[in-house]
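Report on the structure
Next come the chains, spelled out residue by residue.
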Amino acid sequence: MGDKVRCELCPTECELDNYQIGGCRTRINKSGVLYSLVYGKPCSVAIDPIEKKPFYHFLPATAAFSIATAGCVLDCKFCQNYQISQARPEEVDHKDLPPADVVRQALYYGCRSITYTYTEPTVFYEYMFDTAKLARDFKLKNTMHTCGYINSRPLRELAPFMDAADVDLKAFTEDFYSRICGGRLRPVLDTLVELKKAGVWIEITNLVIPTLNDDIKKISEMTAWIVNNLGRDVPLHFSRFFPYYKLKNLPPTPPGTLSDARKAALDSGLRYVYIGNLAGGGQNTSCHKCGRLLVERSGFRVNQNNIINGRCGSCGTGIPGVWG
Ligand code: SF4
């Protein structure tokens, strides 16, 4: 009984008996001490354009050294990476890549940043933390793509080493989070506010899924919350859903729904609203003041960038983001 441990890393707060593994599959209680099962053992290592994360207002057209381990704190029925996010560490191939090797490789391949991504980086918190701290010494930036399901204390300790976060805001109802993701909405909103307070650059991604979270009224509530709590300058990416994993029964998001969502977000006052996973418009950045096309993108490629020293190349207005 004395060996029982409560993990306080994410809001699930698993109570673990001796040798029991947490819900994320990556943390084990051994005689009253919690151990990570994935430290230094990434199952995915790749060099991606930063636009793929997606970050549209953070060092455009640069390469991001990207790592992930097995495991996740949520269980989303639409997960695009379920083969690794819902796997136990021993079920996936991994490399042995301690923090110093991650930093060394990122520098060797000319990356400007290291991104903790693909699965949920909270599950490899200690690995991410040590890598991010070391990366700073070598002038590399740190970014993460996260579901935001992390408790505020570990987040506050991590934030000083994190330059940017793309947070999945999966829907704006507790019901969706509970039924579709096995989590709660409130902690995600708290994370967004905490990141903003800590000065971390934030972008938000919302996957629009037919019948589950595509109600425009709810989307408007979500975008109004973003404006009121995070400000108008947070870029929002609406992403197109495709049938996958446990949601193969649903159709892809109709393009019109994504356009309606974008309009609702702009009407709420957001200045930079994008559409992803859809060929065609919705990917470019235009100045919120004069309307000039600033960053033109095709897929993950940047075709032109007219932002000069963080300002619109035409009217000189400051464009929110991290540009150089
Ligand atoms: S990080 Fe893992 S072990 Fe810790 S509370 Fe969350 S799900 Fe449980």
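Here the structure is shown first, and the text comes after it.
What comes next is a walk through the structure. Here, residues in each chain are numbered from 1, in the same order as that chain's written sequence. Note on the predicted model: pLDDT of at least 70 is required for a residue's local features to be given, and 80 or more for side-chain atom pairs to be given and counted; whole-chain, interface and lining totals, by contrast, use all residues. Side-chain numbers here rest on the full set of heavy atoms in the structure, without hydrogens or water.

Topic: the layout of surface pockets
To be explicit about the condition: The method works on a 1 Å grid over the protein atoms by themselves. A cavity is a set of points holding a 1.4 Å probe that cannot get out, a pocket is an open set with protein on both sides within 12 Å along at least five of seven lines, and residues with an atom within 4 Å of a point line them. Grid points are joined across faces, edges and corners, and a volume is the space filled by probe spheres set on the points. The numbering of helices and of strands both runs from the N terminus, where a helix is a DSSP run of H or I of at least 4 residues and a strand a run of E of at least 2. Only Asp, Glu, Lys and Arg are considered charged in this grouping, and only Ala, Val, Leu, Ile, Met, Phe, Trp, Tyr, Cys and Pro are considered nonpolar; every other residue, Gly among them, is considered polar.
Here the largest pocket is characterised by a volume of approximately 990 Å³. When residues of the lining of the largest pocket are traced back to their parent elements, those giving at least two are strand S8 (141-146), strand S10 (201-208) and strand S11 (236-240). Considering every element that reaches the lining of the largest pocket, the biggest residue donor is S11, with four residues. Here the lining of the largest pocket is built from residues that sort into 14 nonpolar, 14 polar and eight charged.

Considering the site of the ligand
Formally: One heavy atom within 4 Å of a molecule or strand makes the whole residue count as near it.
In the neighbourhood of the ligand, the contacting residues comprise Cys7, Leu9, Cys10, Glu13, Cys14, Gly22, Gly23, Cys24 and Arg27. When its residues are assigned to classes, the shell around the ligand shows five nonpolar, two polar and two charged.

Focus on the side chain of Asp166
So the rule is basically this: Exposure is judged per residue with a 1.4 Å probe applied to protein chains only, and the accessible area is read against the type maximum: over 50% gives exposed, under 20% gives buried, and values in between give partly exposed. Positive charge is attributed to Lys and Arg, negative charge to Asp and Glu, and no charge count is given to His or to the chain ends. A pairing counts as a salt bridge when a side-chain nitrogen of Lys or Arg comes within 4 Å of a carboxyl oxygen of Asp or Glu. The contact criterion used throughout is that any non-hydrogen atoms of two residues lie within 4.5 Å.
Here Asp166 is to be found in strand S9 (residues 164-168). Within the buried set, Asp166 has no salt-bridge partner at all; the shortest N-O distance to an opposite charge, 9.7 Å, is to Lys170. Apart from residues no more than four positions distant in its own chain, Asp166 is found in contact with Lys53, Pro54, Phe55, Met144, His145, Thr146, Glu203, Ile204, Thr205 and His237.

Side note on helix H6 (residues 186-197)
For clarity, the threshold we go by: The length a helix should cover is 1.5 Å for every residue beyond the first.
Compared with an ideal rise of 1.5 Å per residue, which puts 12 residues at 16 Å, H6 spans 17 Å between its outermost C-alpha atoms and is within 8% of the ideal. Within the span of H6, buried status applies to Pro187, Val188, Leu189, Thr191, Leu192, Glu194 and Leu195. In this structure, the buried residues of H6 make contact with S8, helix H4 (152-158), S9, helix H5 (174-181), S10 and helix H7 (216-230). One or two residues past the end of H6 sits Gly199, with phi positive at roughly 80°.

Notes on the packing of aromatic side chains
Note the threshold: Geometry of aromatic contacts follows a simple scheme: Phe, Tyr and Trp rings, the Trp one being its six-membered ring, pair when their centres are within 6.5 Å, and the pair is stacked under 30 degrees between planes, edge-to-face over 60, tilted otherwise.
Tallied over the entire structure, the rule returns 12 aromatic pairs. Ring geometry for Tyr82 and Tyr244: centres 5.8 Å apart, planes at 65°, overall edge-to-face. In this pair, Tyr82 is assigned in helix H1 (residues 82-85) and Tyr244 in the loop between S11 and helix H8 (255-268), connecting sequence segments 162 residues apart. Owing to a relative accessible area of 26%, Tyr82 belongs among the partly exposed residues under this scheme. The interplanar angle of 35° and the centroid separation of 6.0 Å between the aromatic rings of Tyr125 and Phe129 together place this pair among those described as tilted.

So, the pairing of strand S15 (residues 301-305)
Every other side chain in a regular strand lies on the same face of the sheet, so the side chains alternate between the two faces. To be explicit about the condition: Note on pairing: two strands pair once DSSP finds at least 2 bridges between them.
Pairing between strand S14 (residues 293-298) and S15: four bridges, direction antiparallel. Bridge pairing in S15 places Glu296 opposite Gln304. Connecting S14 to the antiparallel partner S15 that follows it, the hairpin turn spans two residues, and Gly299 within it adopts a positive phi of roughly 60°.

Notes on the sheet that holds S15
Judged by pairing direction, the sheet is antiparallel, and its three strands sit side by side in the order S13-S14-S15 without closing on themselves. Two strands bound the open sheet, and with one partner strand each, they are strand S13 (285-286) and S15. Judged from the two bridges that link them, S13 and S14 form a sheet pairing that is antiparallel. Following the sheet pairing, Ser286 is matched in S14 by Leu293.

Quick notes on unusual backbone geometry
A cis amide bond links Lys53 to the next residue, Pro54, at an omega of -5°. For Pro54, the location among the structural elements is in the loop between strand S5 (44-49) and strand S6 (63-68). We note that Ser31 has phi near 50°; this positive angle belongs to a residue other than glycine. Take Ser31: it is sitting in the loop between strand S3 (27-30) and strand S4 (33-36). One non-glycine residue, Tyr118, lies in positive phi territory at about 65°. In this fold, Tyr118 is placed in the loop between strand S7 (113-116) and helix H3 (125-137). Its relative accessible area of 22% is what places Tyr118 among the partly exposed residues.

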